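Listed below, chain by chain, are the residues.
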Amino acid sequence: MSTESAPAPQGNVAEEQRPRIAVSALTTNLREYGLILALIAIMVFFQFTTNGTLFKPVNLSNLVQQNSFIIVMALGMLLVIVSGHIDLSVGSVAGFIGALAAMMMVIWPLGPFSNPLVVSIICLIVGGAIGAAQGYWIAYHRIPSFIVTLAGMLIFRGICQALLGGGSSVGPLPDGFKALSSGFIPDVIGPLTLIPPTVNAAGKTIMGSGLTLHMTTIVLGLIAVLAYAYFGVRTRRKRERHGYEAEPFALFVVKTLVGSALALFLVYQFASYRGLPVVLLVMGVLISLFVFVTKRMTIGRRIYAMGGNSKAAQLSGINTERLTLMVFINMGVLSALGGLIIAARLGQAVPAAGLGSELDVIAAVFIGGASAMGGVGQVIGAVVGGFIMGVMNNGMSIMGVNVDWQQVVKGLVLLGAVIFDVYNKNKA
Amino acid sequence: MAPTILEMRDITKTFPGVKALSNVNLSVEEGEIHAVVGENGAGKSTLMKVLSGVYPSGTYDGQIIFNGGECQFKGIHDSERKGIVIIHQELALVPMLSIAENIFLGNEHARYGIIDWNSNEARTSALLKKVGLKEDPKTLITNIGVGKQQLVEIAKALSKEVKLLILDEPTASLSEKDSQALLDLLLEFKRQGMTSILISHKLNEVNRVADKVTVIRDGRTIETLAKKDISEDRIITSMVGRSLDDRYPPREPDIGEVVFEVKNWSVYHPIHAERQVIKGIDINVRKGEVVGIAGLMGAGRTEFAMSLFGRSYGRRISGEVLLKGKPVDVSSVSKAVQHGIAYVTEDRKTYGLNLIDHIKHNITLANLGGVSRHSVIDDMRELAVANDYRKKTNIRASSVYQMTGNLSGGNQQKVVLSKWLFADPDVLILDEPTRGIDVGAKYEIYTIIARLAAEGKAIVVISSEMPELLGITDRIYVMNEGRIVGEMPAAEASQEKIMRAIVRGEGKAA
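Residues numbered from 1 in each chain as written. Chains lettered and ligands numbered in written order. Predicted model: local features only at pLDDT ≥ 70, side-chain atom pairs only at ≥ 80, totals over all residues.

Enquirer: How would you sum up the overall build of chain B? Please name residues and give values.
Expert: Broken down by element type, chain B carries 17 helices and 24 strands. Taken across its 510 residues, chain B has 46% of its residues classed as buried. Partitioning the contacts of chain B with sequence separation of at least 6, the portion at a separation of at least 24 is 68%. (Helix = DSSP H or I, 4+ residues; strand = E, 2+ residues; numbered from the N terminus. Buried ≥ 20, exposed ≤ 12 C-beta atoms within 10 Å, placed from the backbone. Contact = placed C-beta atoms within 7 Å.)

Enquirer: Outline the overall build of chain A, listing residues and values.
Expert: Looking only at helices and strands, chain A has 17 helices and two strands in total. Burial status across chain A gives 47% buried among its 428 residues. Put simply, 79% of the contacts in chain A that link residues at least 6 apart link residues at least 24 apart.

Enquirer: Kindly report on the environment of Met-103 of chain A, identifying the contributing residues and their values.
Expert: Residue and element names in this part refer to chain A. Mapped onto the secondary structure, Met-103 falls in helix 5 (residues 90–107). Overall, the presence of 18 C-beta atoms within 10 Å leaves Met-103 in the partly exposed class. For the pair Met-103 and Gly-171, spaced 68 residues apart in the sequence, the C-alpha separation amounts to 8.6 Å. Ignoring anything within four residues of it in the chain, the contact list for Met-103 reads Trp-108, Leu-163 and Val-170.

Enquirer: Tell me what's going on with helix 15 (residues 439–454) of chain B, and back it up with residues and numbers.
Expert: Compared with an ideal rise of 1.5 Å per residue, which puts 16 residues at 22 Å, helix 15 of chain B spans 23 Å between its outermost C-alpha atoms and is within 8% of the ideal. When helix 15 of chain B is considered as a whole, its buried residues turn out to be Val-439, Ala-441, Lys-442, Glu-444, Ile-445, Tyr-446, Ile-448, Ile-449, Leu-452 and Ala-453 of chain B. (Expected span 1.5 Å × (residues − 1).)

Enquirer: Which residues make up helix 11 (residues 278–296) of chain A, and what values do they have?
Expert: It helps to recall that an α-helix has 3.6 residues per turn; residues three or four apart then point in one direction. Spanning 19 residues, helix 11 of chain A covers 27 Å between terminal C-alpha atoms, matching the ideal 27 Å at 1.5 Å per step. Here the buried face of helix 11 of chain A lies against helix 4 (57–82), helix 8 (175–182), helix 12 (298–308), helix 14 (320–346) and helix 16 (379–399) of chain A.

Enquirer: Quick rundown of the sheet that holds strand 3 (residues 33–37) of chain B? Include the residues and the values.
Expert: Residues and elements named next belong to chain B. One open sheet holds the six strands; their spatial order is 6-9-10-3-11-12, and the pairing between them is mixed. Each of the sheet's edge strands pairs with one partner strand only, and the pair in question is strand 6 (84–87) and strand 12 (220–226). Averaged over all neighbouring strand pairs, the angle between strand axes comes to 20°, with direction disregarded. In the sheet, strand 3 pairs with strand 11 (residues 212–217) via four bridges, with the strands oriented parallel. In the strand pairing of strand 11, His-34 is matched with Lys-212. (Pairing = 2+ DSSP bridges. Axes fitted to C-alpha atoms, helices over the stretch in contact; angles between N-to-C directions.)

Enquirer: So what's going on with the interface of chain A and chain B? Which residues, and what values?
Expert: The interface of chain A with chain B comprises 26 residues on the first partner and 29 residues on the second. Contributing elements (two or more residues each) for the side of chain A that touches chain B: helix 1 (13–16), helix 12 and helix 13 (310–314) of chain A. In terms of residues, the side of chain A that touches chain B owes the most to one element, helix 12 of chain A, which gives six residues. Split into classes, the residues belonging to the side of chain A that touches chain B amount to ten nonpolar, eleven polar and five charged. (Nonpolar A, V, L, I, M, F, W, Y, C, P; charged D, E, K, R; others polar.)

Enquirer: Just give me the short version of the nonpolar core, but keep the residues and values in it.
Expert: In this structure, Ala-74, Leu-75, Met-77, Leu-78 and Val-365 of chain A together with Ile-459 of chain B are the most contacted members of the largest nonpolar core, which totals 194 residues. Ranked by the residues each element gives to this core, the list is headed by helix 14 of chain A, at 16 residues. Sequence-distant contacts of Ala-74 of chain A, defined by excluding residues within four places in its chain, comprise Val-361, Ala-364, Val-365, Ala-382, Val-383 and Gly-386 of chain A. Met-8, Ala-20, Val-85 and Ile-199 of chain B belong to the second largest nonpolar core, which has 62 residues in total. (Core = buried A, V, L, I, M, F, W, Y, C linked by C-beta atoms within 7 Å.)

Enquirer: Provide a residue-level description of the sheet that holds strand 18 (residues 341–344) of chain B, including the pertinent values.
Expert: Residue and element names in this part refer to chain B. With mixed pairing, the six strands of this open sheet are ordered in space as 18-21-22-15-23-24. Edge positions in the sheet fall to strand 18 and strand 24 (483–489), since each of these pairs with one other strand and no more. Across this sheet, the average inter-strand angle for adjacent strands is 20°, counted without regard to direction. Of the pairings in the sheet, the one linking strand 23 (residues 475–480) to strand 24 comprises six bridges and is antiparallel in character. In the sheet register, Tyr-477 faces strand 24, and the bridge partner there is Glu-487.

Enquirer: Report on the packing of helix 12 of chain A against helix 14 of chain A, specifying residues and quantitative values.
Expert: All names here are of chain A. Between helix 12 and helix 14, whose axes approach to 11 Å, the crossing angle comes to 110°. Here helix 14 runs roughly perpendicular to helix 12, going by the angle between their axes. For the pair helix 12 and helix 14, the contacting residues are Arg-302, Ile-303 and Met-306 in the first and Thr-320, Leu-323 and Val-327 in the second. When its residues are assigned to classes, the contact of helix 12 with helix 14 shows four nonpolar, one polar and one charged. (Parallel < 35°, antiparallel > 145°, perpendicular 65-115°, else oblique.)

Enquirer: Please give an account of the environment of Arg-236 of chain A that cites residues and values.
Expert: Within the element layout of this structure, Arg-236 of chain A appears in helix 9 (residues 215–241). Taking C-alpha positions, Arg-236 of chain A is 9.2 Å from Phe-249 of chain A, a pair spaced 13 residues apart along the chain.

Enquirer: Describe unusual backbone geometry, listing the residues and the values that go with them.
Expert: All names here are of chain B. Its identity as a non-glycine residue notwithstanding, Arg-316 has a phi of 45°, on the positive side. With respect to the secondary-structure elements, Arg-316 resides in strand 16 (residues 315–323). The backbone of His-374 shows a phi angle near 50°, a positive value even though the residue is not glycine. For His-374, the position within the fold is in the loop between strand 19 (372–373) and strand 20 (376–377).

Enquirer: If you had to explain the pairing of strand 3 of chain B to someone new, which residues and values would you point to?
Expert: All names here are of chain B. Strand 3 sits mainly inside the fold: five of its five residues count as buried. The alternating pattern of strand 3 places Ile-33, Ala-35 and Val-37 on one face and His-34 and Val-36 on the opposite face, and all of these are buried. Where strand 3 meets strand 10 (residues 195–199), four bridges bridge the pair, whose relative direction is parallel. By the bridge assignment for strand 10, Val-36 is matched with Ile-199.

Enquirer: If you had to explain the packing of helix 8 of chain A against helix 14 of chain A to someone new, which residues and values would you point to?
Expert: All names here are of chain A. The interhelical angle for the contact between helix 8 and helix 14, taken along N-to-C directions, is 110°, at an axis separation of 7 Å. On the basis of the axis angle, helix 8 is roughly perpendicular to helix 14. For the pair helix 8 and helix 14, the contacting residues are Phe-177, Lys-178, Leu-180, Ser-181 and Ser-182 in the first and Leu-340, Ile-341, Ala-344 and Arg-345 in the second. When its residues are assigned to classes, the contact of helix 8 with helix 14 shows five nonpolar, two polar and two charged.

Enquirer: Tell me about the confidence of the model for chain B, residues and numbers included.
Expert: Residue and element names in this part refer to chain B. On average, residues of chain B carry a pLDDT of 86, and 96% of them reach 70 or more. Looking at the elements of chain B, mean pLDDT is at its lowest for helix 17 (residues 495–508), recorded as 71, and at its highest for strand 22 (residues 458–462), recorded as 95. Both scores are available for the predicted complex, with the pTM at 0.80 and the ipTM at 0.82. (pLDDT = per-residue confidence, 0-100.)

And the structure:
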């Protein structure tokens, strides 16, 4: 979950000032809390229906590794949707970048340039260039983003397949590269064995017995939770010092405690398996970065203003064309990262990599409360939306629900979430 | 005395937390033009929404008696069936459909779902004749001006066999000429026996056409004035609840050297490239001076201002802008802002505000640098700034976290003004700064303008309301068809002089 590595975003200043009583603070934040509560409810539901498999450390790691690329791309998609656009090409771009990476590492004789790190950097740059190429038409020539990126979706899927030579897949990819998706952070502190594993008669340890904790994970988790609490308290203090009302103290304490407890529980689960997945760390850093950019930085504010009223933003001195271009470049880079994560997870590049994932990404953002009209949407919402989709995928797969029906359920959840939003807005 | 056609008795309407109307009474006689006036937020529109069934029966208390029978409208269709038709301030026409299609939208003459266009167009022609509009029924709405669109709305109302016509601020976006034509039309309808309710801010219009005036303030009926008692002063006193001895705040101009100068400014139309919209304009503004630009709708005033402000309008722009004698580059909005020029738009909803965000974020948008360090916004400073400007410009809202979309027109205008005040410009161009806002808020805006001038800013006010220009400016330029056709000190100007300059200029411009 994001909570463990996100260093306490500055909260919703917007909602914090008004309420005097806890109840009104709760109702004003209903959307945000509601979404997180929905995720928890869904997780608890699947915990029961899968007989406790969902929260097993190994499954949690799987869940993160399966869904990380959706969440990473959802971060970019959030900005695209907030600025009033859409990007249908992200799945194809991800597929193309995966193919490009595989060709560079496995097929083409590039010598030192086939090093996974070098290839990854080149691929991110190529992703940015693709975003720029699409964004250019959208920003400077006012071609609707739906059309430009629909074209991009066809073009890059085609190039992806052509690159891989029709229906074949390219692999295996080097282990160093695969670590991006399936690796875990190294335990630099060293493991702590609480219960020694059982050794059977043959002198071999039985897998999964005993309890050894990945101490680096534990320490990182503790630092993140402490930072979360520290920044929360500091923000409160600052508000009070300036004479502004903060949210009710009781609510703040409950929120911080529940958040920390959840985070620590997850950290513990990861620590008792193989530690934090690398990709979770990458995701956590990105989520924190995007929360900070959208909540605290001028560029974030400008994106929301542009999505809310592009003409007014323009007449306020905001270069909306350049801003749109940057939003699409960002989306391109994150699509490329998504493509690398997919390829690393599969260990090879396949022609269908990322096929249809643009829809999952867009669904995650809308479940997270973004408005299709632009100007509205939160990073945390999109992330939670992505996890809701991911947990449902994972849970239903474990339950053995047919893939066809999984789609039906996901569609209904998307529709339900948006109806809930619209209903709420009309009531207010 | 004519029989009473409409009686609204003790209408009370509450929204969560607010009493919008309390015991409002309105009685309209058959065949009269009855004006309903009041400040923005006084409850005029709410009252009309109750009458037309937008707020269905049961959501309010009180009685509506129309043509002798009590009515309980469940929706707009019910009231239209009885002959009550409302024309809203924001026109509800479909731009890409023709006049005929719009007039009969949802009400087409058809057999088995197949539209009989000949019949529709013939009837449209008849209706257009009635409202005095010479246009082909097949003309698209997008190709006719706002004044004509207003007439189409009225023709649409007539097609529904209207007995009581309600016009909500019908002249808000019309030029003087179109407004006059519209009012004449209302008088013509009256002669034919139609009853109308006119909601308006423009007291001179009310004065001209109304037989009776009902004043609403804070959701209550204050009084109903008969024709002989109607006077602007009387209405204003009644509207604001106090006597406004002067509609314009007193001010001692302290005028310094020339700060802002535009030389030989020319602009061509953005689409019709050969059409010159602005034809070599020269103006200058001094420190501490308020300069007005008068002119009719379509004179090119807004186009001039927007082309100055970062080339936000037009193509092939030429000319020179000088600040304190030095030529400056204003080729983008951010450059113009950096040089200390601000433009407050005439259309705050489309060009001025992010309506789905709150006051605080709107105020700081044009000067985010002023509340941030290294591109990181300082929440506390931003909040302090927003509260400061909220106080300075007297924005009435529950807090700076209120959505600007939920504010009244006057308060929205104050938010837009605050945004530009926070950008701290030397030159402030205000385009129709009091359009569609009530008398009380207007006075507040005038006070802000006077204060800014006293602080030494150079101010340009574009306005279609001549009394306003005469009341608040020091010097007036008159513009017509893309040229400056007159310039006069406000002290020597009069509405007649301005009109004469326009008319004389009309011959010259080619």
